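Residue-level structural notes
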Amino acid sequence: MERRRMDTALLVVLLMGHLATALEVPLDLLEGLPQPPTITHQSPKDYIIDPRENIVIHCEAKGKPHPSFSWTRNGTHFDIDQDPNVTMKPHSGTLVVDISREKADIYEAVYQCIARNIHGTAVSHNIVIRQSRSPLWSKEKIKPVVIQEGGSLVLPCEPPAGLPPPIIFWMDNNFQRLPQSSRVSQSLNGDLYFSNVLLEDSRNDYICYARFPHTRTIQQKQPISVTVLNLDAINDTMAAFYNDTDLFSEDPVEERRPTFLIPSGSSSSKMVLRGQVLEMECIAEGLPTPEISWSKVSGELPSKGTSFLHYQKTLRIVNVSESDAGDYRCTARNQLGSEHHTIHVTVKAAPYWISGPPRNLVLAPGENGVLTCRASGTPKPSVTWAMNGISIENSPKDLSRNVEDDTIIFTDIQTGSSAVYQCNVSNDHGYLLSNAFVNVLSEPPRVLTPSNKVYQVIKNHPALIDCAFFGSPIPKITWFKDSRSSTLVGDPYILHDNGTLEIHKAQARNAGKYTCVARNNLGIYENHVYLEVKEPTRILKQPEYKVIQRYKSAVLECKVKHDPTLVPTMSWLKDDDELPDDERFVVDSDSLTIMDVTESDAGVYTCIVNTTLDHDSASVELTVVEATPTPAVVYERPDPPTDLELTDQKKRSVQLTWTPGDEHNSPIQNFLIQYEDSLHHRGYWHNLTEVPGTKTTAHLKLSAYIHYTFRVLALNAVGFSRPSSPSKIYKTEPAAPDENPTGVQGFGTEHDNLVISWTPLSGLQSNGPGLRYRVMWRQKAVDSDWTSVTVANNSRFVVSGTPTFVPYELKVQAVNDHGVGPEPAIAHGFSGEDLPVAAPEMVQAVVLNSTLAEVHWEPVPHKLIRGQIKGYKVYYWKERALHKHNPHQMEKQILTFGGNHSHGRLPALHPFSLYSFNVRVYNGKGDGPPSPTQQFSTPEGVPGAPTSLVVTNLNLDSLTLEWSPPHDRNGRITGYTLKYQPAVASRQVDIATQGWFIGLMCAIALLILILLIICFIQRNKGGKYPVKEKEDAHTDPEFQPMKEDDCTFGEYSDNEDHKPLKGSRTPSNGTVKRDDSDDSLVDYGEGGEGQFNEDGSFIGQYSGKSGSRDTAEGHESSEAPSPINAMNSLNSFV
């Protein structure tokens, strides 16, 4: 047995070389080749679905012929045809479950996809479908929390168990996250921990939220109220309930050393799987707030993937490996001491591939091969094999196949042994399932790299020339160059197993034609490709170290040499970043110019040159220094440039060079280039362009048919120089126009014409003599030819005899003696308008209220408007009022409604009036005919105020009011309402703040004090004081003397309370109604009535209150009742 294992191991070693060159059938490139199925896409193992959406279980596979698909559910065949809610996508194994008729939870199960064709069967991993859940929080009554200041506190969250678990966070009623710190933080399970509480922690809206990301819902826990009291506040609050005895007699919370809230005890353990995220937390209470630190007992904390969260309370390690196992210690420390907790971490591992999953094998008959399923895990996983979805033990026997643990060895394989093998690696923590096919083929060689492909490489760089191939048996690859005199083997060539030919350092002599030959026992295939070796891109003149004075210009040169077939691009960096977005930085093809240098421009500048194949760079440091002061510096305008020369002369361009004049201590900022056209505008100089002051050359683009003379002016901080001497005349040849007139438009001035206008070209744009314009027009949407006419010295043309308001297409083309301009763009316009010939129909008015009506009409057809509709006008006027007092007629009014409206509102109408109106459409020409005049009446409205109000016959207890009717009655007057109130109530003066009142009160107080003193003296004497005698002699009925026995003043009485108003009587008719005021004139009568004449005079008079009211209210007020004591209203109806 041992000997057999050694032989098997030796065979595996011998076959591994062949395994490295195993090929997969490239179905996308080679049609018709058979291949067993391969799963290309599948849903995840743990597939959580949204119950609101259809379930889509993915399963895609490829193969030749294309595979068919079936499914198992919970280990048994799933008959899709029997379930009307389940469909399978065409040419795919993907299932779509319609949950509109069924609940999603009935489809919770374990699914597996099977893809098969005549060459084998591939299976997916198990797909566990579970419905996402976001349950509501259980209803509970949360008791308010009252805690003493300084104590520790835990607010539980206890979210509902969702799938997947929810994300927890704490917020207040305003949806603002509650602030957290080293003192207050959230634990991994969502609870909120307070190491110690402060008075500021008191609030009634601690709310825990659970967000379920899969269903995009958020659940909210009932708010928790927390009240933090210090000892004095607690005693003061509770003393009233406990006979002023302190509720808490112990001492207040004192400072204390840390103790852990979680985890409990001195140690704990935690298990984590390899590749997952390890999170450990330690939360401590104490006063002052403890600080948390972490360490690893058996070594250093991992350097990669380690982070601290929640104010150092959580240690997080991502992508855990076996080396992360061990003991971790968290320490809580404050001024009074420290506390430690040790967490023992164990790392387990679900199965994982050591060198990747098994690879597909393409073998020719008689060849050998190996399938390897090598994986690891903790605990060590077991390996099982299946063929075409059936366990290897129950599969048909194959003499060429030998299974040894995690390896299957094929020896002298034969046609018919094609199959798909499944490798399942599993332990307690998971499993791996992989498909790998064995495809037995006999195919001649083929090269897949495109023929005649060109490879480009930089000299002295590696060159990789591809020769992707396929064949069974695996072809042998050989390379030849140019004449194929010998095989390319050995230095400088390296042949890779995948057919690629590598040249370690390509030279010019390596360029040329290369031939790749693929050969096996079934045939031979050749492919030709080409290699080009390019010269490297190099910076010849690098930027040099520069010291530049402030406000000067710095020029950094960067001269480049490159292969002539490559196009370089140059860019600059400053301090490894982009150049500032500043117009002072000018980048040319071989330099960088910085104008007006400042201190901020100092730094390292890098020139980078790129081509499609390579790049080069060079750097320079720029230092900015203060300008060296020189005495008596004179700044003047620069001298004019000299030596103007025209070079590189072409039909429409020329190169102008010059020599700058003296700067006179002020750097030249710009050069202004001007020209004179001696052919068209002799004696006039025009600005052509400007170039930076560092340039002495300009490439000028010119127009045709111009006699150019150039001159140059220099500009510095002082101003422009004098112009240079003119250059020689440079004449450009005439040519056809380059452009056409702009601003082409068409409009009509009469109902039967079309005016076409445009902006003419300038002399500079004419490009030659004989400038004229070809004007073209035709009706739009009519199959007609263009009509054209040529005009000169004009910018408009009138087309007569056109139909009224018809759309036209227009073109205007420039023409001169040397040809025509480019094809002009089409403009659009309309011929002239005429007055509309029809009035709106179906006109009617809807009265909305007494001052507003809405008019409706049927829009006029477009063809009857005969122009661009501008809108509608409503002409309306008041015929008369419906009341005899307002019979006057108003002038006509017009309301305009722009656009194609079908209704409009008439505001500010007079109530209770008869109106007439008609509607007209109007265009740019004017109004159309009116619609038939119609009428409408407005209802009654609120009347205006009486035009006058006069008070007559004013007596002590009565008065007469007279008024005139309102000017705007707005209907039939049915009565008047009289409202009145005390006159004093209308004064808004605070009498207590007036100076005279304060002085008066002081005087009264002094008099009372004197009277009291006199009274005291007289009482002691037993006699009467003179004032008393005078009061007895002259008794005032409204004044009661001071009582002698108690030195108090008598009460005032108002005898008028019991007197009726003079002349009071009961009206013979009319009714006095109470208004909103509770105290009205009726209260002062004896059930009587008031009456008003037509002109507003008051017939009835006031009467005094009845005796019952006197009795009832005698003790409430000593003030006489009168019409001005309260707000009253009288209503009278004619």
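Since this is a predicted model, take the numbers as computed values, not measurements. (Residues numbered from 1 in each chain as written. Predicted model: local features only at pLDDT ≥ 70, side-chain atom pairs only at ≥ 80, totals over all residues. Heavy atoms only, no water.)

1. A short note on the sheet that holds strand 8 (residues 95–97)
Strand order in the open sheet made by the three strands is 3-8-7, with antiparallel pairing throughout. With partners counted over all chains shown, the strands left at the sheet margins are strand 3 (55–57) and strand 7 (86–88), one partner each. The sheet shows a mean angle of 20° between the axes of neighbouring strands, direction not considered. Two elements, strand 3 and strand 8, share three bridges in a ladder whose sense is antiparallel. The residue of strand 8 that forms the bridge with V56 is V96. (Pairing = 2+ DSSP bridges. Helix = DSSP H or I, 4+ residues; strand = E, 2+ residues; numbered from the N terminus. Axes fitted to C-alpha atoms, helices over the stretch in contact; angles between N-to-C directions.)

2. Some details on the state of the cysteines
A covalent bond between the sulfur atoms of two cysteines is what we call a disulfide. Using the criterion set out here, one finds six disulfides in the structure. A sulfur-sulfur distance of 2.0 Å marks the disulfide that ties C59 to C113. Taking the sign of the S-S torsion, about -75° here, the bridge from C59 to C113 comes out left-handed. A residue pair is termed long-range when its members are at least 10 positions apart, and C59 in strand 4 (residues 59–64) and C113 in strand 9 (residues 110–117) qualify at 54 residues. (Disulfide = S-S within 2.5 Å.)

3. Examining the pairing of strand 64 (residues 742–747)
Each regular strand displays side chains that alternate between the two surfaces of the sheet. Note that strand 64 and strand 65 (residues 753–759) share four bridges and pair antiparallel. Paired with Q745 across the strands is S757, a residue of strand 65. Linkage of strand 64 to strand 65, two consecutive antiparallel strands, is achieved through a turn of five residues.

4. Considerations on the confidence of the model for the protein
When pLDDT is averaged across the protein, the result is 82; 83% of the residues are at 70 or more. In the predicted structure, residues 1–22 sits below a pLDDT of 50 and forms 29 contacts with residues beyond four places in sequence or in another chain. Here residues 1023–1134 scores under 50 on pLDDT; set against residues more than four positions off or in separate chains, the count is 172 contacts. (pLDDT = per-residue confidence, 0-100. Contact = heavy atoms within 4.5 Å.)

5. Side note on the packing of aromatic side chains
The tally for this structure, following the rule as stated, stands at 16 aromatic pairs. Judged by centre distance (5.9 Å) and plane angle (80°), the ring pair of F194 and Y206 falls under edge-to-face. Within this pair, whereas F194 is found in strand 16 (residues 192–194), its partner Y206 is found in strand 17 (residues 203–212), the two being separated by twelve residues in sequence. Ring centres of W658 and F671 lie 5.3 Å apart, and the angle between their planes is 65°; on these two criteria the pair is classed as edge-to-face. One end of the pair, W658, is in strand 58 (residues 653–659); the other, F671, is in strand 59 (residues 670–677), with 13 residues separating them in the sequence. By relative accessible area, which is 5% here, W658 ends up buried. Classification of F671 by relative accessible area gives buried; the value is 0%. One aromatic cluster in this structure is built from F169, F175 and Y209. (Phe/Tyr/Trp six-rings, centres within 6.5 Å; stacked < 30°, edge-to-face > 60°. Buried < 20%, exposed > 50% of the residue type's maximum accessible area, 1.4 Å probe, protein only.)

6. Regarding the sheet that holds strand 44 (residues 501–503)
Strand order in this open sheet of three strands is 40-44-43, and the pairing throughout is antiparallel. One side of each edge strand has no neighbouring strand; the edge strands of this open sheet are strand 40 (463–465) and strand 43 (493–495). Between one strand axis and the next, the sheet turns by 20° as a mean value, whatever way the strands run. Note that strand 43 and strand 44 share three bridges and pair antiparallel. Within strand 44, the residue paired with Y493 across the bridge is I503.

7. Regarding the pattern of salt bridges
Pairs can form between side chains of opposite charge whenever their charged atoms are close. With the rule as written, the count across this model stands at 31 salt bridges. Taken together, the shared-partner salt bridges connect D172, R203 and D205 into one network. (Salt bridge = Lys/Arg side-chain N within 4 Å of Asp/Glu carboxyl O.)

8. Brief notes about the nonpolar core
Residues I55, I57, W71 and Y111 are the most contacted members of the largest nonpolar core, which totals 30 residues. Counting only elements with at least two residues in this core, the list comes to strand 2 (46–49), strand 3, strand 4, strand 5 (68–73), strand 8, strand 9 and strand 11 (127–131). Per-element accounting of this core gives the leading share, three residues, to strand 9. The contact partners of I55, leaving out residues within four places of it in the chain, are I49, L95, V96, V97, I99, A104 and Y107. (Core = buried A, V, L, I, M, F, W, Y, C linked by side-chain atoms within 4.5 Å.)

9. Here's the deal with a nonpolar patch on the surface
A cluster of nonpolar side chains, contributed by L1006, L1007, L1009, I1010, L1011, I1013, I1014, F1016 and I1017, occupies part of the molecular surface with about 810 Å² of accessible area. Residue placement: L1011 occurs in helix 5 (residues 995–1021). What makes L1011 partly exposed here is its relative accessible area of 32%. (Patch = residues over 30% accessible without salt bridge, like charges linked within 9 Å, V, L, I, M, F, W, Y side chains within 5 Å. Areas by Shrake-Rupley, 256 points an atom, 1.4 Å probe, with all protein chains shown as cover.)

10. Some points on unusual backbone geometry
Only a minority of non-glycine residues have a phi that is not negative, and only a minority of peptide bonds are not trans. Look at the link from I262 to P263: it is a cis peptide, with omega at -10°. With respect to the helices and strands, P263 occurs in the loop between strand 20 (256–262) and strand 21 (267–273). For the bond from L287 to P288, the omega torsion is 5°, close enough to zero to count as cis. Unlike most non-glycine residues, E158 shows phi in positive territory, near 50°. Relative to the helices and strands, E158 is located in the loop between strand 13 (153–155) and strand 14 (167–171). Given a relative accessible area of 54%, E158 falls into the exposed group. If you check the backbone angles, D405 has positive phi at about 55° while not being a glycine. Along the chain, D405 falls in the loop between strand 34 (401–404) and strand 35 (407–410).

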